[in-house]
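# Topology and contacts: notes
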Amino acid sequence: MAPYIRLRQICLVAPQLEPVITDIARIMGLTVCYRDGNVAKYGLENALLPVDTILLEVVAPFKDGTTAGRFIEKTGGRGGYMAIFCCDDPDERGRNANALGVRTANVIDHAPYHGVQLHPRDCRAAFIEFNHTEGSDNILGAYPPAGPDWQKFIRKDVTQALTAVEMQSPDPQGLAEHWGRIIGVAPSADAELKLPNATFRFVKGTSEIMSALEFRVTDAARVLHAAREKGHAVAGNEFLLGGVTFRLVA
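Residues numbered from 1 in each chain as written. Predicted model: local features only at pLDDT ≥ 70, side-chain atom pairs only at ≥ 80, totals over all residues. Heavy atoms only, no water.

## Focus: helix H3 (residues 90–99)
Among the residues of H3, Pro-90, Arg-93, Gly-94 and Ala-97 are the ones counted as buried. All buried residues of H3 fall inside an arc of 105 degrees around its axis, so they share one side. Exposed residues on H3 whose side chains face more than 90 degrees from its buried face are Arg-95 and Ala-99. As for H3, its buried residues are in contact with strand S1 (5–13), strand S4 (82–87), strand S6 (113–118), strand S7 (127–133) and helix H5 (172–183). One side-chain oxygen at the N-terminal end of H3 lies 3.2 Å from the backbone nitrogen of Asp-91; it belongs to Asp-89. Immediately beyond the C-terminal end of H3, within one or two residues, lies Gly-101, with a positive phi of roughly 90 degrees. (Buried < 20%, exposed > 50% of the residue type's maximum accessible area, 1.4 Å probe, protein only. Helix = DSSP H or I, 4+ residues; strand = E, 2+ residues; numbered from the N terminus. Arc of directions from axis to C-beta. Contact = heavy atoms within 4.5 Å. Polar contact = N/O pair within 3.5 Å; in protein donor to acceptor, adjacent residues only side chain to side chain.)

Listed below in structure tokens is the structure:
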């Protein structure tokens, strides 16, 4: 049987939590399920919104000298911060990454949750984290970072799923192969990594960033209208929010 790997969470970073988190919630028809006090030790505040079974998180620094703050300065606020995957054995995946020359940046051990974060400079484009929650192999089971009852906050009347993550690089195939080795999924010929619940798509760009998130929605025109009402520039089926392009598909 192939090793278990799913996209669990996407983390965006913003200079301030508001109005980004409220705009995402109102435009996309999502609800905040949790604000995690544990991130305060990193100088951050956060909020999480479930998009079906994938969590969309926004973090913002509230003091100087944070990793998130340095990320904003380095990228000019453009690009997603972290891709988080649930798996059977985060430590084994961490050791595999270390063998590839990708350093471990942080280990989080809050039983029953265990996470291994890899160094963004070595991952390229964004942080990668692997985690596992003991006794929660069900994708709708307990997931402590999202709070005790995150499942009750799932809404599907506007946004039904987060279907794809777009990564930009001057060498998209090279970045796809690098992430593929770390995650343990071989890239396709067109530079895609297909996971059971989402696809990572690698495209040509001037810098290495997590550039866009693709969402399946019930009524794209309604969502785009809501984005315009909030003052976001809309182009075709997409708009920029929280440092990434929100792209809508039917």
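## Some words on the state of the cysteines
Scanning the entire structure with this criterion turns up zero disulfides. Free cysteine Cys-11: the closest other cysteine sulfur is in Cys-33, separated by 13 Å. On the basis of relative accessibility, which here comes to 2%, the residue Cys-11 falls in the buried class. Residue Cys-87 stays outside any disulfide, its sulfur separated by 7.3 Å from that of Cys-86, the closest cysteine. Taking relative accessible area as the criterion, Cys-87 reaches 0% and is therefore assigned buried. (Disulfide = S-S within 2.5 Å.)

## Looking at empty space enclosed by the protein
Scanning all chains against the criterion turns up one cavity of 30 Å³ or more. Computed from the structure, the largest cavity encloses a volume of approximately 90 Å³. Arg-8, Cys-86, His-132, Thr-133 and Ser-136 are, among the 12 residues lining the largest cavity, the residues nearest its centre. Elements supplying a minimum of two residues to the lining of the largest cavity: S4 and S7. Among the elements that line the lining of the largest cavity, the one with the most residues is S7, at three residues. Classifying every residue of the lining of the largest cavity by side-chain character gives five nonpolar, five polar and two charged. (1 Å grid on protein atoms, 1.4 Å probe; cavity = no way out; pocket = protein on both sides within 12 Å on 5 of 7 lines; lining within 4 Å. Points joined across faces, edges and corners; volume = space filled by probe spheres on them. Nonpolar A, V, L, I, M, F, W, Y, C, P; charged D, E, K, R; others polar.)

## Comments concerning the nonpolar core
Counting residues in each nonpolar core, the largest one holds 60 residues, and the members touching the most others are Ile-24, Met-28, Trp-179 and Phe-200. At six residues, the largest contribution of residues to this core is made by helix H1 (residues 20–28). Apart from the residues within four sequence positions on either side, Ile-24 is in contact with Leu-12, Gly-29, Leu-30, Leu-49, Leu-56, Val-58, Leu-241 and Phe-246. One finds Cys-11, Leu-55, Ile-84 and Tyr-113 within the second-largest nonpolar core, a separate group that totals 20 residues. (Core = buried A, V, L, I, M, F, W, Y, C linked by side-chain atoms within 4.5 Å.)

Distances and angles like these do not, on their own, reveal function.
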